[in-house]
Amino acid sequence: MILATPVTERNLEPIRLGSIEIKNRVLAAPLCGASKIPFRELARRYGADIAYTEMVKAYPLVRGRNDRRTLELLQTEAADAPCGPQICGAEEDIMADAARRLEQLGFPLVDINMGCPVPKVVREGAGSALLKDPSKVERIVRACAQAVSVPVTVKIRSGWNGSQCTGVDVARAAEQGGAKLITIHARRRDQFHSGEVDHVAIGAVKRAVSIPIVGNGSIIDAASARRMLDESGCDAVMVGRGAFGRPWVFREIAHAIRGLPPPPEPSVDEQHEVVRWHIERTHELEPRRANGLCRKYAAWYLHGAPFSSFFRNRAFRAGSREETLALVNEFMDLKRACATLAPGEPAPVPPFVAEAMRKGEAPVEEPEDEVCDV
Ligand SMILES: Cc1cc2nc3c(=O)[nH]c(=O)nc-3n(C[C@H](O)[C@H](O)[C@H](O)COP(=O)(O)O)c2cc1C
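What you see is a predicted model, and the numbers here were worked out from it, not measured in a lab.

Caption draft 1: Structural view of the overall build of the protein chain. Per the secondary structure count, the protein chain includes 15 helices and ten strands. The C-alpha radius of gyration of the protein chain comes to 21 Å, within 12% of the 21 Å expected for a compact globule of 374 residues. In terms of principal-axis extent, the alpha carbons of the protein chain reach across some 65 × 50 × 40 Å. Every one of the 374 residues in the protein chain was classed for burial, and the buried ones make up 50%.

In C-alpha cells:
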C-alpha cells in the first residue's frame with residue numbers, strides 16, 4: 001500500500017548530516033559482532049552512505065581505565081569513512097562525556113542506541129528501556145548535542161510493547177533534544193529481531209518530526225526497500241542482516257531508489273574476491289578473534305549453489321584461516337562449474353559432501369546471531 005509519495009517521484013537531493021552527504025539514501029546498520037571495518041568498507045564500496053560501528057557502552061569509554069575492548073570496537077581507518085559510532089547508556093553526564101570522546105577520536109557524528117532489547121542492557125535503563133521514558137530521551141540527547149559540534153542521531157524502535165507504542169513520543173523528544181536524524185527499527189522491543197515490521201509506525205514518526213527519518217527492519221533487496229520508502233515516506237533506509245553475504249544489496253537499493261534498472265548480480269569472481277577479502281582483512285585486524293568471526297562470515301556467503309548447507313556446516317567447524325579459505329575456494333569453484341552445466345546435467349558432488357551423505361550427516365542448525373556481546 002503506497003501511503004506516501006513514491007520515492008522515485010521525490011526530490012532526491014542529498015541529505016546533509018554535518019560533514020556527511022547522504023546521497024544514495026541507504027545506510028549500513030550497527031550490528032554487534034558483524035559491522036566491523038571490513039563489513040563497513042564493503043558496504044560503502046557498494047553504495048552505503050554511512051556505515052555504523054557496533055554499539056559500545058558509554059561508561060567504559062569514559063570512566064573505565066583505557067578500556068581496550070571498547071576502543072577495539074571503535075577501531076577505524078582512513079578508508080572507513082563516513083563511519084558512525086554508536087553509544088549506549090542511561091546517564092546524561094556519562095553519555096555526554098562519551099559523545100565528546102567520540103568527537104575527539106575524529107568521528108563525524110554520534111549515534112545513540114535506544115533500541116537494544118538485550119535484558120542486561122535494558123536492566124541498566126539503556127537501549128530500548130529508554131523507549132519507556134521520552135523525557136529521559138530528551139535529556140540524554142540534549143546533553144550529548146550540547147557536548148559536541150558533530151550531529152547527534154538516535155536509533156529507536158517503534159515502541160516497547162503492544163501497549164506502549166511510544167515511537168512517536170520518543171522521536172519528538174529526540175528532535176526536541178537536538179537530534180539531527182532518527183533511525184527507526186520498525187519493531188517493538190518485545191519483538192526483538194523477528195516478526196512483522198510496521199511501516200505505518202515509521203510513517204507516523206516521519207509525520208511527527210521534521211528531521212530526516214531512516215527506516216529499518218527486514219530490508220533484504222530493492223523491492224523491500226522500495227516498499228518501506230513508499231509505504232512510510234521515510235527519507236532513507238538502513239540495512240542490517242540483508243547485507244550478510246550480500247554487500248552488493250546497497251547498490252541494488254541505491255539503483256532502485258533512483259528508478260534505475262537493477263545492476264547486474266556480481267560475477268562469481270567478484271563474489272569470490274569479496275568473501276576472500278572479508279576473511280583476510282578480519283584476520284589482519286583482529287587476529288585473536290578472527291577464526292570465530294570468519295566461520296560466521298564465510299557461512300554468510302556460502303549460498304546460491306547446490307549443497308550449500310554442507311558447505312556452511314563445514315564453515316562453522318573450520319579451525320583456521322587456511323581451512324576457511326580452502327572451503328570458500330571450493331564453493332566458488334562449484335558455483336563456476338554449475339554455471340556451465342547443460343540443462344538437466346547434475347551438479348558435480350564434492351567428495352566431502354558425498355562422504356557426509358554416505359554417513360547420513362544431517363545439516364547442522366545454523367547458530368543464531370549473537371546479538372550483543374558488550
Ligand atoms: C546480530 C545483531 C547485532 C545487532 N547489533 C546492534 C547494535 O549494536 N546496535 C543497534 O542499534 N542495533 C543492533 N542490531 C539491530 C540492527 O541494527 C537492526 O536494527 C535490526 O537487525 C533490524 O534490521 P534488519 O532486519 O535489516 O537486520 C543488531 C541486530 C543483530 C541481528
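Caption draft 2: Structural detail: the pairing of strand S7 (residues 152-159). Counted residue by residue, S7 has eight buried out of eight residues, so it is predominantly covered. With five bridges joining them, strand S6 (residues 110-114) and S7 adopt parallel strand pairing. Across the sheet, residue methionine 114 finds its bridge partner in S7, namely isoleucine 156. In this structure, S7 lies alongside strand S8 (residues 181-188), joined through six bridges in parallel fashion. Within the sheet, the bridge partner assigned to isoleucine 156 lies in S8 and is isoleucine 184. Handedness of the β-α-β unit built from S7, helix H7 (residues 167-177) and S8 comes out right-handed.

Caption draft 3: Spotlight on the site of the ligand. In the vicinity of the ligand lie 26 residues, with Ala29, Pro30, Met55, Gly240 and Arg241 positioned nearest. Residue classes in the shell around the ligand are distributed as eleven nonpolar, eleven polar and four charged.

Caption draft 4: Up close: the nonpolar core. Ile87, Ala99, Cys144, Val237, Val239, Phe250 and Ala298 are the most contacted members of the largest nonpolar core, which totals 113 residues. For this core, the two domains that each supply at least three residues are domain 1 (7-257) and domain 2 (268-358). Setting aside chain neighbours within four positions, we find alanine 99 in contact with Ile87, Val110, Cys144, Ala147, Val148 and Val152.

Caption draft 5: Region of interest: the domain arrangement of the protein chain. Segmentation of the protein chain into domains returns domain 1 (7-257) and domain 2 (268-358). Each of domain 1 and domain 2 was reduced to a C-alpha centroid, and the two centroids are 32 Å apart. The interface of domain 1 with domain 2 comprises six residues on the first partner and eight residues on the second. Among the residues forming the side of domain 1 that touches domain 2, the class breakdown is five nonpolar, one polar and no charged.

Criteria and cut-off values
- Residues numbered from 1 in each chain as written.
- Predicted model: local features only at pLDDT ≥ 70, side-chain atom pairs only at ≥ 80, totals over all residues.
- Helix = DSSP H or I, 4+ residues; strand = E, 2+ residues; numbered from the N terminus.
- Rg over C-alpha atoms; globule rule 2.2 N^0.38 Å.
- Buried ≥ 20, exposed ≤ 12 C-beta atoms within 10 Å, placed from the backbone.
- Pairing = 2+ DSSP bridges.
- Right-handed = clockwise from strand over helix to strand, strands pointing away.
- Near = placed C-beta within 6 Å.
- Nonpolar A, V, L, I, M, F, W, Y, C, P; charged D, E, K, R; others polar.
- Core = buried A, V, L, I, M, F, W, Y, C linked by C-beta atoms within 7 Å.
- Domains from an automatic or database assignment.
- Contact = placed C-beta atoms within 7 Å.

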